[in-house]
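# Structural description and commentary
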Amino acid sequence: MTVEGTVSGLEERVVGRAWMVRLDPADRGGAAVRVSCGRPACAPQVLPSAAVGRTAAVAHLATHLRAAPGPRPQASCACRAEECHTHVRADGPRDRAPALRCGGPVVLAVINDRQGRWWQALECCARCAAAHPSAKIVATAPAAPARAAAGPAPAAGARGAAGPPPAPVGPHFSHAASSPAPVPVPRAAPVPRTKPRRNRRTGKIAQRFVPHDLHPIALRDELIELGNLFRAYQERPEPDLEQLAELHSRKAKAFRTWAEVTGETELRLDADRAEQAAAAALLQHQQRTGQSPVGEGEVTNRLLPGLTQWEHARTVLAHVAEHTPLPGPEARLMAVMLTLRSALTGTGNLVGQDVRGLPLTEPEELIGRLVDSGWLSIPGTADDLLESRPESPTPITIPSLMPDEDGQGPFDFGRKTRPKLSGWAQRVVGDKKLRKKKTGAATRLLALALAVRTTTDGRLGAEGEGVDLAVLTSWCAVEPDELEPLVEQLTVADWLEEAAVTDGRLTGRLTERVLQVSCPLP
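First, a word on what this report is: a plain description of the structure on this page. The model shown is predicted, which means the values in this text are computed figures rather than measured ones. (Residues numbered from 1 in each chain as written. Predicted model: local features only at pLDDT ≥ 70, side-chain atom pairs only at ≥ 80, totals over all residues. Heavy atoms only, no water.)

## Section: helix α7 (residues 241–262)
Taking 1.5 Å per residue, 22 residues should reach 32 Å; α7 reaches 31 Å between its end C-alpha atoms and fits that length. Two residues or fewer after α7 comes Gly263, characterised by a positive phi angle close to 80°. (Helix = DSSP H or I, 4+ residues; strand = E, 2+ residues; numbered from the N terminus. Expected span 1.5 Å × (residues − 1).)

## Comments concerning the pairing of strand β6 (residues 106–112)
By the criterion of burial, β6 is predominantly enclosed, with six of the seven residues buried. Two elements, β6 and strand β7 (residues 118–125), share seven bridges in a ladder whose sense is antiparallel. Opposite Val110, over in β7, you have Ala121 as the bridge partner. Once β6 ends, the chain turns through five residues before running back antiparallel as β7, passing Gly116 with a positive phi of about 70°. Pairing of β6 with strand β8 (residues 136–140), which is carried by four bridges, proceeds in the antiparallel orientation. Within β8, the residue paired with Leu108 across the bridge is Ala139. (Buried < 20%, exposed > 50% of the residue type's maximum accessible area, 1.4 Å probe, protein only. Pairing = 2+ DSSP bridges.)

## Description of unusual backbone geometry
With an omega dihedral of 0°, the bond running from His215 to Pro216 counts as a cis peptide bond. Positionally, Pro216 belongs in the loop between β10 (208–210) and α6 (217–234). Although it is not a glycine, Ala206 sits at a positive phi angle of roughly 55°. Within the fold, Ala206 resides in the loop between β9 (203–205) and β10. A relative accessible area of 42% means that Ala206 is categorised as partly exposed. The phi angle at Asp503 is positive, at roughly 55°, despite the residue not being glycine. Relative to the assigned elements, Asp503 resides in the loop between β16 (496–502) and β17 (505–510).

## Points about the pairing of β16
A regular strand carries its side chains on alternate faces of the sheet. Two strands pair when backbone bridges link them, and β16 and β17 are joined in this way by five bridges, in the antiparallel orientation. Directly across from Ala500, in β17, lies its bridge partner Thr507. Between β16 and β17, which follow one another and run antiparallel, lie two residues, and Asp503 among them has a positive phi close to 55°.

## A word on the environment of Val336
Relative to the helices and strands, Val336 resides in helix α10 (residues 329–341). Apart from residues no more than four positions distant in its own chain, Val336 is found in contact with Leu317, Val320, Leu448 and Trp475. (Contact = heavy atoms within 4.5 Å.)

Following this line, the structure appears as C-alpha cells:
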C-alpha cells in the first residue's frame, strides 16, 4: 500500500453526529416555552413554564442518548465540521492561539449554556470535549481496530524523484502543518476483553454518594442528574423558587423510591423533608408573585402581593387601634383612612369625595372634633375640605405621624408601598356590595379586621381556628352584643360564608369574591 493510500484512508472518516435540544419562549410576554429538538422526527412541545421546559428538555435529550448507538471510533469531530472557534484561527494582527489539534478517543459528549437554554450532543475527540467547560462525557468509543500495514517505503532516490508525500490532513492532524509528516505506525489490535465493562457511573446528592450498582438504573440516573441540577442551581445569580420547588419534588419522589429499594429509614425521612421544602418553596414563590393556593390547582391574585405588604397592613391597623383620638367606629374608620393618606411624612392631600365616600352620619362635625383634639390639622374649615375637588385638594397634617429629629416615624415601609396600602383599604371599605347594603362604619371596620386575619385559602384565624370576639369588638369599637348583627351584614353582602360564633370565637371564611383583598397570616 502506498503512502498516498494511507493518507487517503485517514481522510475517509465519517463526520460525527450532532443534534441540539433548545428552549425558546412560546409567546411574547408569557411564561410558556417551546422545547424543540434537532432530530427531524421530533415535534416541538409547548410547556407552561421555563422550569417545566428545562426538565422536559433534559429528559428528551436523555431519551435520545439512551436510544442512540455509542460513539464510533472512525468518526471525526462534529464541532470541526461546524468550524468552531477551537478549530478555526481568526484573521488579524491579534490572532487567537493556534487551532486545536484533535486527539484522544472519540466520545459522545453533551454541552450546554450556563442559562439552561440549549443542550447539544455531539461526537468528537476527547481533546475537543475537554475544550468545552460545560462538556459531560456520556460514552467513549472502544479502540479502533488496527489498519492494514502499509507497504514498504520507497527508496530514497525514488522519494526524491517523486517529491515528499503530502502532509496528512484529517481530524487528528493540524491544517497548518508545513513540513512532511511521517506515515502513522499501525497499531496492534486491542486485546478482547473477557468480560464486558460495567457502567460504573456514580454521583452525589445531598451529601450522599449514589452507588454505581444501584438498581433500577433509571433511579441511579435520576439521582445523579438531580445532584448535578442542585449544584447548577446553587451557581445561579438569582433564585428561581418555582424551579427549586420542582427539584425538591423530584428529589422527594426519587428518595422515596431509593428507600423502598434499600430499606433505609433515613432516606424516607429525607424524602419527607424534601416534600416539605418543595411545598415551602412553591408557597413562597406564589406569595412573592401575589398568588396563593385556593383549591385544587387554583391560585388567586391578591391586591397586596407578598408577606411584607400584608404585615405592613396589619401594622397600620394596630397603630390606629392604639392612637385613635376619639371613641366610636366612625372616628376609628376616619382615622384609618387619614393615617394611610399621610403615613410617612405626617402630611397628605384630601378631597371632599374621599370623606363623602365613607359611611359617616355627620362628616363636618367629625372633622371638627378631630381638629379640636389636635390629632388633625387643616388650613381651612371642615366645609372647605368637603368642598375641595381633585384639582385643588386640601392639605392635611397629622402631627403624631411626622418623623422625629432622627427621621424615624411610626412606619418603616417605603413611598411606593403607602399608596398601595391606601388603595387596598379604600377597596375594602368601598366594596360595592357593602355600599349597596348601606352598611355602617362598624361593618366596614369588621371587614378590614377579618381581611388581615385569614389563612391563604380564606379561613378565619391563623390556622382556620377563628378570631377572638374580644379582639373584634375592641377594633370595631362596639359592644359584644352588637357584633353578631355586623357578621350577618357581611354574610348578606357576600363577604363571609359559613360564619358562626362559638366559644367566644368567630369562625368561617371569606368568600371567593373578596379573597383577593385578604392579607393571610404567616
